[in-house]
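If you want the building blocks of each chain, they are given just below.
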Amino acid sequence: MTNEELWESVLAQTQLNISPANFATWFRGTKITSQENNQAIISTPNSFAKEWLEQKYGKLIFKIIHSLDGNLREVKYFIEKQNLKISSLQNPSGFCRTRRGQPSLSEDAQLEFQEFKTDSETNLNPRYTFENFVVGSFNELANAAAQAVVKNPGFVYNPFFIYGVVGLGKTHLLEAIGNEVVKNFSKKTVRYVPSEKFTQGVVTSIRNHEMESFKLKYREIDVLIIDDVQFLAGKEKTQEEFFHTFNALYEKNKQIILSSDRPPKAIPSLTERLRSRFEGGMIADISLPDMETRMAILKTKAREKGTDFSDEVYSFIASVVQRNIRELEGALNRLVVYQKINNRAPDLGVAEVLLRKITVNARKQVAPRKILQVVAEFYDIKERDLIASSRKKEIVKPRQIAMYLLREEFKGSYPFIGRKFGGKDHTTVIYSCEKIGKELELNKGLEEEIELIKQRIYTS
Ligand code: ADP
Ligand code: MG
């Protein structure tokens, strides 16, 4: 059999076994390129397709190929390089290990997006730098002060307090300062701590009678960055501890950098002495980016992801997402995923369809039924299994994702979602939603996977 004949037979048989939507998504643009040395080599158009074929349909494909030609005892997959310049794959052959279990679009898919790991010492994420921080009138002051702090930590603007509503770049700027200090002053101890983590530290240290070592650990820091201090509200013990840490560092001219979603005076139940400490240095706010800056941010982010769209598309996104840079990025990601899967850049029409959910009134909801149906189909499992209580790995993850989507997209209450899943307890639902939420922050592959599911929910 020629390569073409063999692959056509495989496709014909596969089609009988999987849903048309999955067939279209994963098998489009695939082919067999060689059948030498008892190996069938299959070319795939992108890393999504490769991983999915390998992990989810690998057994099925192998079975069919082997039954058609008994000499073929192994199947390998690779990514056919497209002229699309998205990836800088480090693994030139495109081959990768086959892992067991549920495919998660990791490895190559992540490589394409460049995965960053939080530094275990400083807790800083290297993806946040000044180089990829776009400056406009909305954050000019905060940025200028940050630059000054970086040049001379501890001696200008201490403490440095940044505030602004969620999604406008506080964490990015805070971490950029940290990363820059690490780069310029290798001897300085820098630590980035979300305020909840500080609280947690206080609580555990008290419980385990380790308060002394907790104190010591914080007092040897040269640049202490505490993110989202509004969460200290009402936590008296933590505030007290933080007050002492603050003073100890401040007296030694160590730099303290803080962020909050509001100015110090608007944080409720913050002790007066801590409030006045927060107000004792430089306070800078970040407001909303204007249209031009939103365009600039989109272009920067697209470039980071190794792609580029038309100005028409950028300006469309920038006009529908105005108040949150994280959402701006989310909208962009949608289009990036579309481009990866389809190997062509979305035009304005496509962008309008993909971002319809943002543009039409947010009240328009998807039906829970639809979410369950699409998730089940996406993972090729039965809706009934999704709802039941099987603990099999290949069911558990899709179930958690379905719960997460019911929460995020349908805005269902936890008990409501529990009922949709055959009367599960609301704590199970909370656990699942949190688990997926956390994993999303670390795993770009999962983000793309869920994005694909959403696209099916909103476009089918
Ligand atoms: P906040 O901490 O204020 O909620 P983040 O710092 O987490 O916001 O920013 C949300 C997302 O937007 C991040 O991915 C960040 O990289 C991006 N972002 C925010 N501000 C900018 C900017 N000025 N330039 C480039 N990216 C930005
Ligand atoms: Mg933040």
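Conventions we followed
- Residues numbered from 1 in each chain as written.
- Chains lettered and ligands numbered in written order.
- Predicted model: local features only at pLDDT ≥ 70, side-chain atom pairs only at ≥ 80, totals over all residues.
- Heavy atoms only, no water.
- Pairing = 2+ DSSP bridges.
- Helix = DSSP H or I, 4+ residues; strand = E, 2+ residues; numbered from the N terminus.
- Axes fitted to C-alpha atoms, helices over the stretch in contact; angles between N-to-C directions.
- Contact = heavy atoms within 4.5 Å.
- pLDDT = per-residue confidence, 0-100.
- Phe/Tyr/Trp six-rings, centres within 6.5 Å; stacked < 30°, edge-to-face > 60°.
- Buried < 20%, exposed > 50% of the residue type's maximum accessible area, 1.4 Å probe, protein only.
- Lys NZ or Arg CZ within 6 Å of the ring centre and 35° of its normal.
- Near = heavy atom within 4 Å.
- Polar contact = N/O pair within 3.5 Å; in protein donor to acceptor, adjacent residues only side chain to side chain.
- Areas by Shrake-Rupley, 256 points an atom, 1.4 Å probe, with all protein chains shown as cover.
- Nonpolar A, V, L, I, M, F, W, Y, C, P; charged D, E, K, R; others polar.

Let's shift gears to the sheet that holds strand β2 (residues 39-44). Read from one edge of the open sheet, three strands run β1-β2-β3, paired in mixed fashion. Looking along the sheet, the strands with just one partner apiece sit at the ends: β1 (31-34) and β3 (74-79). Each adjacent strand pair in this sheet contributes to an overall mean axis angle of 35°, direction not counted. Both β2 and β3 contribute to a ladder of six bridges, which runs parallel. Bridged to A40 within β3 is V75. Each of β1 and β2 is contacted by helix α1 (residues 3-17), which is oriented at about 145° to β1, the strand it contacts most. Running at roughly 165° to β3, helix α3 (residues 47-55) makes contact with β2 and β3 of the sheet.

What follows covers the confidence of the model for the chain. Overall, the predicted model of the chain reaches an average pLDDT of 87, with 91% of residues at or above 70. Across the chain, the secondary-structure element scoring lowest on mean pLDDT is helix α5 (residues 107-113), at 39, and the one scoring highest is strand β6 (residues 223-227), at 98. Within the model, the stretch residues 83-113 combines pLDDT values under 50 with 86 contacts to residues more than four positions away or in other chains.

Turning to the packing of aromatic side chains, a few remarks are in order. Taken as a whole, this structure holds 18 aromatic pairs when the rule is applied. For the pair W26 and F378, a centre-to-centre distance of 6.0 Å together with 70° between the ring planes defines the contact as edge-to-face. Of this pair, W26 sits in helix α2 (residues 20-27) while F378 sits in helix α17 (residues 368-378), and the two are 352 residues apart along the sequence. With a centroid separation of 5.5 Å and 25° between ring planes, the pair formed by F410 and F416 is classed as stacked. Residue class for F416 comes out partly exposed when judged on its relative accessible area of 23%. One aromatic cluster in this structure is built from F161, F198, F214, Y218, F242, F246, Y250 and F278. We note K188 situated over the ring of F185; from NZ or CZ to the ring centre the distance is 5.4 Å.

Quick look at the sheet that holds strand β5 (residues 190-194) now. Ordered by their spatial adjacency, five strands build an open sheet running β5-β6-β7-β4-β8, and the pairing between neighbours is parallel. Since the sheet does not close on itself, it has two edges, and those belong to β5 and β8 (282-285), each with one partner. Each neighbouring strand pair of the sheet contributes to a mean axis angle of 15°, computed without reference to strand direction. Pairing analysis gives four bridges linking strand β4 (residues 160-163) to strand β7 (residues 255-260), with the strands arranged parallel. Bridge pairing in β7 places Y163 opposite S260. In the packing of helix α6 (residues 140-151) onto the sheet, contacts are made with β4, β7 and β8, and the angle to β8 comes to roughly 140°.

With that settled, consider the site of ligand 1. Lining the immediate environment of ligand 1, one finds 19 residues, of which V134, G167, H172, R326 and E329 sit closest. Note that an oxygen atom of ligand 1 is positioned 3.0 Å from one of the backbone N or O atoms of G169. Take K301: an N or O atom from its side chain is 3.0 Å from a nitrogen atom of ligand 1. Burial of ligand 1 by the protein amounts to 96% of the accessible area it has alone, namely 560 Å². Every element with two or more residues in the shell around ligand 1 is listed here: α7 (170-184) and α14 (325-342). Of the residues in the shell around ligand 1, the class split is eight nonpolar, six polar and five charged.

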